[in-house]
Amino acid sequence: MAGIGVVVAILVTLVAVLIPWLPTSASEQMDRIEFVYWFATVICIGIFALVSAVIIYSVMAFRAQPDDETDGPPIHGHTGLEVVWTIVPAVLVVAIGIVSAVVLSQNGDAGTNPYRIKVFAQQFAWRFEYPDAKGLKSSELVLPLGRSVRFEMESADVIHSFWIPQMGQKQDLVPGLRTSIVVTPKREGTFSLVCTELCGLGHATMRAPVRVLGQAAFDAWVKERQSGDSGGDPGAATFASAGCGGCHAFAPAGSKGGVGPALDGLAASAGKAGQPLAAYAKQSIVEPNAVVAAGFAAGVMPQNYGASLSAAQVDALVRYLTGAKE
Ligand code: CUA
């Protein structure tokens, strides 16, 4: 019986170790989550091997002969065995609970001086603001290596969920609540932030690029973005910060979103609607249900841009989309 147990344990261990079930960790929190995963997996492999060994051995050793139709001997409990199979699992479950609680607490601890980044989610885009860098706005999430980052998160409409698979941590963004989560990136690289809460038609495309840079490169990026923000096209900046590209393809912005109609043929659409181009573009931003492009559904585009964008931003966006000069 012991031999069967050892063989099963080896086979299951190979399945656990040889198949890359988890992505390569990129944060200190993911390291701890992996530890919990392996802690529970080792216990499970042990129990699985034990149970399999007993079952396989019993099936082989106590099989009834083909012509044997008598009942087996009556069996009535075994106090010792029952005490063991109650206490051992209880101890194991409590141990997993304690290890998980310790890791949960450590993963929620941002230390005394976290780097703060605000995360805003709305159907179907992410936006980021860096209060520690004079409120720098970005549609790409750039993180400093080795520093604990505390994300403070808000949703403008429905429930979304923040997850960078290689960094482990996951947290919902709930309208009306401010949720937070801590990530300490431990290697440089390019990753992807994905929304993991079904939030509407564009859920599957609700992603944002994530880059982890060394402290010097991170500081350089902040500096470059801060100087670039003042000199760039305000319409292009609004297009990026409002996340328009998450849903709309627009050649000048290089965006390829397919949730909403492409914005390169606005003049033709305005002609079809019988409206002047600029007025049509503005209406489509602040009152998206007024004219809905063929093949797309009403009510998908957020209807709050008239409130969430300033009048100057809307005007800049209209000029950018219509190709008008200032
Ligand atoms: Cu946002 Cu799914």
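Rules used throughout
- Residues numbered from 1 in each chain as written.
- Predicted model: local features only at pLDDT ≥ 70, side-chain atom pairs only at ≥ 80, totals over all residues.
- Heavy atoms only, no water.
- Phe/Tyr/Trp six-rings, centres within 6.5 Å; stacked < 30°, edge-to-face > 60°.
- Helix = DSSP H or I, 4+ residues; strand = E, 2+ residues; numbered from the N terminus.
- Buried < 20%, exposed > 50% of the residue type's maximum accessible area, 1.4 Å probe, protein only.
- Lys NZ or Arg CZ within 6 Å of the ring centre and 35° of its normal.
- Arc of directions from axis to C-beta.
- Contact = heavy atoms within 4.5 Å.
- Domains from an automatic or database assignment.
- Buried area = accessible area lost by both parts, 1.4 Å probe.
- Salt bridge = Lys/Arg side-chain N within 4 Å of Asp/Glu carboxyl O.
- Polar contact = N/O pair within 3.5 Å; in protein donor to acceptor, adjacent residues only side chain to side chain.
- Nonpolar A, V, L, I, M, F, W, Y, C, P; charged D, E, K, R; others polar.
- Pairing = 2+ DSSP bridges.
- Axes fitted to C-alpha atoms, helices over the stretch in contact; angles between N-to-C directions.

*Asks:* Can you walk me through the packing of aromatic side chains in this structure?
*Replies:* According to the stated counting rule, one finds 13 aromatic pairs in the structure shown. Look at Tyr130 and Phe218: their rings are 6.4 Å apart centre to centre, the planes differ by 45°, and that puts the pair in the tilted class. Placement of the pair is Tyr130 in strand 2 (residues 125-130) and Phe218 in helix 4 (residues 215-231), with a sequence separation of 88 residues. For Tyr130, a relative accessible area of 0% corresponds to the buried category. A residue is classified by how much of its surface remains accessible, and Phe218, at 2% relative accessible area, is buried. Clustering of aromatic rings is evident, with ring pairs tying together Tyr115, Tyr130, Phe218 and Trp221. A cation over a ring is seen here: Lys170 above Trp163, with NZ or CZ 4.7 Å from the ring centre.

*Asks:* Even after reading the chapter, I still don't get helix 7 (residues 277-286), so can you show me in this structure?
*Replies:* In an α-helix, one full turn covers 3.6 residues, which means residues spaced three or four apart are oriented alike. When we look at burial in helix 7, the residues that qualify are Tyr280, Ala281 and Ile285. One side of helix 7 carries all its buried residues, which in axial view fall inside an arc of 135°. Where the residues of helix 7 are buried, they touch helix 6 (266-273), helix 8 (305-308) and helix 9 (311-322).

*Asks:* Is there a simple way to explain the environment of Ala242 in this structure?
*Replies:* Tracing the backbone through its elements, the reader meets Ala242 in the loop between helix 5 (234-241) and strand 11 (249-250). Expressed as a C-alpha distance, the spacing of Ala242 and Phe162, which sit 80 residues apart in the sequence, is 18 Å. The contact partners of Ala242, leaving out residues within four places of it in the chain, are Gln122, Arg127, Tyr305 and Leu309.

*Asks:* What should I look at first to understand the domain arrangement of the protein in this one?
*Replies:* When the parts of a complex come together, some accessible area is lost, and that lost area is often taken as the interface size. The domain boundaries assigned to the protein delineate domain 1 (2-60 + 80-107), domain 2 (115-219) and domain 3 (234-322). For domain 2 versus domain 3, the separation of C-alpha centres amounts to 24 Å. Contact with domain 2, which involves 11 residues of that partner, is made by 11 residues of domain 3. With both sides pooled, the region where domain 2 packs onto domain 3 buries about 880 Å², and carbon together with sulfur makes up 60% of that total. Interface area lost by domain 2 to domain 3 is led by Gln122, Phe124 and Leu201, which between them contribute 41%. Counting the contacts that link domain 2 with domain 3 gives zero salt bridges. Seen at the junction of domain 2 and domain 3, the total is one residue pair in polar contact (both at pLDDT 80 or more). Grouping the amino acids of the side of domain 2 that touches domain 3 by side-chain chemistry returns four nonpolar, five polar and two charged.

*Asks:* Is there a simple way to explain the sheet that holds strand 5 (residues 149-155) in this structure?
*Replies:* Whether parallel or antiparallel, the strands of a sheet pair through hydrogen bonds between backbone atoms. Strand order in the open sheet made by the five strands is 3-2-1-5-8, with mixed pairing throughout. Looking at which strands have only one partner, the edges of the open sheet turn out to be strand 3 (136-138) and strand 8 (179-183). Here the average twist between neighbouring strands, direction ignored, is 25°. Strand direction decides the pairing type here: strand 2 and strand 3, joined by three bridges, are antiparallel. Note on strand 3: the bridge partner recorded for Phe128 is Ser138.

*Asks:* Honestly, the pattern of salt bridges in this entry has me stumped. Any pointers?
*Replies:* Pairing between side chains becomes possible if they bear opposite charge and their charged atoms approach one another. Tallying each qualifying case throughout the model produces four salt bridges. One salt bridge connects Asp31 with Lys186, and the closest N-O pair in it is separated by 3.1 Å. A residue pair is termed long-range when its members are at least 10 positions apart, and Asp31 in helix 2 (residues 28-61) and Lys186 in the loop between strand 8 and strand 9 (189-195) qualify at 155 residues. Residue Asp132 pairs with Arg116 through a salt bridge whose shortest N-O separation is 3.3 Å. With Asp132 in the loop between strand 2 and strand 3 and Arg116 in strand 1 (residues 115-122), this residue pair connects regions lying 16 residues apart in the sequence.

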